[in-house]
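Close look at the chain arrangement
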Amino acid sequence: TGKYEAALSKLTDTSERANKDLLAHEDELRRSIDSAEKAFQDDNYEVALTSVENALRLGPENDEVAALKTKISHLPEVLLLSEQAERARGENNLIGEEEFLRRLLILDPSRTILKKRYDNVASILSEEKFLRLIEEGMENINQRQLSNAQNNLQMASRIFSLRDEVTLLTDQVASLKQELD
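Anyway, here's the lowdown on the structure attached to this text. Computed from a predicted structure; not experimentally measured. (Residues numbered from 1 in each chain as written. Predicted model: local features only at pLDDT ≥ 70, side-chain atom pairs only at ≥ 80, totals over all residues. Heavy atoms only, no water.)

A few words on the overall build of the protein. In terms of regular secondary structure, the protein is built from eight helices and zero strands. In sequence order, the protein lays out its α and β elements as α-α-α-α-α-α-α-α. For 181 residues, the compact-globule estimate of 2.2 N^0.38 gives 16 Å, and the C-alpha radius of gyration of the protein, at 31 Å, exceeds that figure by more than 25%. For the protein, the C-alpha atoms occupy an extent of roughly 115 × 35 × 20 Å along the three principal directions. In the protein, which comprises 181 residues, the proportion classed as buried is 27%. (Helix = DSSP H or I, 4+ residues; strand = E, 2+ residues; numbered from the N terminus. Rg over C-alpha atoms; globule rule 2.2 N^0.38 Å. Buried < 20%, exposed > 50% of the residue type's maximum accessible area, 1.4 Å probe, protein only.)

Set out below in structure tokens:
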């Protein structure tokens, strides 16, 4: 029984060491993931990349690490697009700003502040386009260009179908059509 107890004791010690090593490994992996996430949130590409590469070394089959690596790999382009959107905003170029933000959000949809700005810019541009189409439609009515007015009405209706301006233009198109028939 002495050999049995010694073997069991050695086995228990080995098992405890293995568990400690495994927990230390998991802790190091978690610290690397957390560090990569924080650096990513702080837009610090170099630190994020170093941390995620360490995490990959520690957990090459870890799905969370693989997904994080993909997010981090987009960070340089995301930062460039953010800079370009900010420049376009400073130049009051809403179309350019919208395009840069749209491309940025495809790469990183988690950027909620930029998503709100994108939604705001898109709304402004839709409103401007709608009003331009209504104005052109009314001008086409005045010039008795029914086909062009109908096209303007159709495009404006796709943007805001329930607006009073659409009803007004619809009535004007119908009146012009009656006059021309």
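If you check the backbone angles, Asp43 has positive phi at about 60° while not being a glycine. As for its position among the elements, Asp43 is in the loop between helix H1 (2-41) and helix H2 (45-58). Residue class for Asp43 comes out partly exposed when judged on its relative accessible area of 29%. Positioned with a positive phi, Asn92 is a non-glycine residue whose angle comes to about 55°. Since its relative accessible area comes to 64%, Asn92 is described here as exposed.

All right, on to the packing of aromatic side chains then. Taken as a whole, this structure holds one aromatic pair when the rule is applied. Ring plane angle 80° and centroid distance 5.1 Å describe the contact between Phe130 and Phe160, whose orientation is recorded as edge-to-face. Here the residue Phe130 occupies a position in helix H6 (residues 112-142), and Phe160 occupies one in the loop between helix H7 (146-159) and helix H8 (164-180), the gap between them amounting to 30 residues. For Phe160, a relative accessible area of 25% gives the class partly exposed. (Phe/Tyr/Trp six-rings, centres within 6.5 Å; stacked < 30°, edge-to-face > 60°.)

Interaxial distance between H6 and H8 falls to 10 Å at its minimum, and their mutual angle equals 20°. On the basis of their axis angle, the class for H6 and H8 is roughly parallel. Viewed along their axes, H6 and H8 form a crossing whose handedness is left-handed. In this structure, H6 uses Phe130, Leu131, Ile134, Gly137, Met138 and Ile141 to contact H8, whose residues at the interface are Glu165, Val166, Leu168, Leu169, Gln172, Val173 and Leu176. Taken together, the residues of the contact of H6 with H8 break down into ten nonpolar, two polar and one charged. (Axes fitted to C-alpha atoms, helices over the stretch in contact; angles between N-to-C directions. Parallel < 35°, antiparallel > 145°, perpendicular 65-115°, else oblique. Left-handed = near helix turned anticlockwise from the far one by under 90°. Contact = heavy atoms within 4.5 Å. Nonpolar A, V, L, I, M, F, W, Y, C, P; charged D, E, K, R; others polar.)

Within this structure, the stated rule accounts for 14 salt bridges. We note a salt bridge from Glu83 to Arg87, for which the minimum N-O separation is 3.1 Å. With a gap of four residues between them, Glu83 and Arg87 both fall in helix H4 (residues 75-90), about one helical turn apart. In this structure, Glu127 and Arg163 form a salt bridge, with 2.8 Å as the shortest nitrogen-oxygen distance. Of this pair, Glu127 sits in helix H6 while Arg163 is found in the loop between H7 and H8, placing the two residues 36 residues apart along the sequence. Here Glu127 falls in the partly exposed class, since its relative accessible area comes to 25%. Taking relative accessible area as the criterion, Arg163 reaches 23% and is therefore assigned partly exposed. (Salt bridge = Lys/Arg side-chain N within 4 Å of Asp/Glu carboxyl O.)

Tracing the backbone shows Gly96 in helix H5 (residues 94-107). With a relative accessible area of 14%, Gly96 lands in the buried category.

This part is about the environment of Ile124. Here Ile124 shows up in helix H6. For Ile124, a relative accessible area of 30% translates into the label partly exposed. Sequence spacing of Ile124 and Ala156 is 32 residues, and the spatial spacing of their C-alpha atoms is 14 Å.

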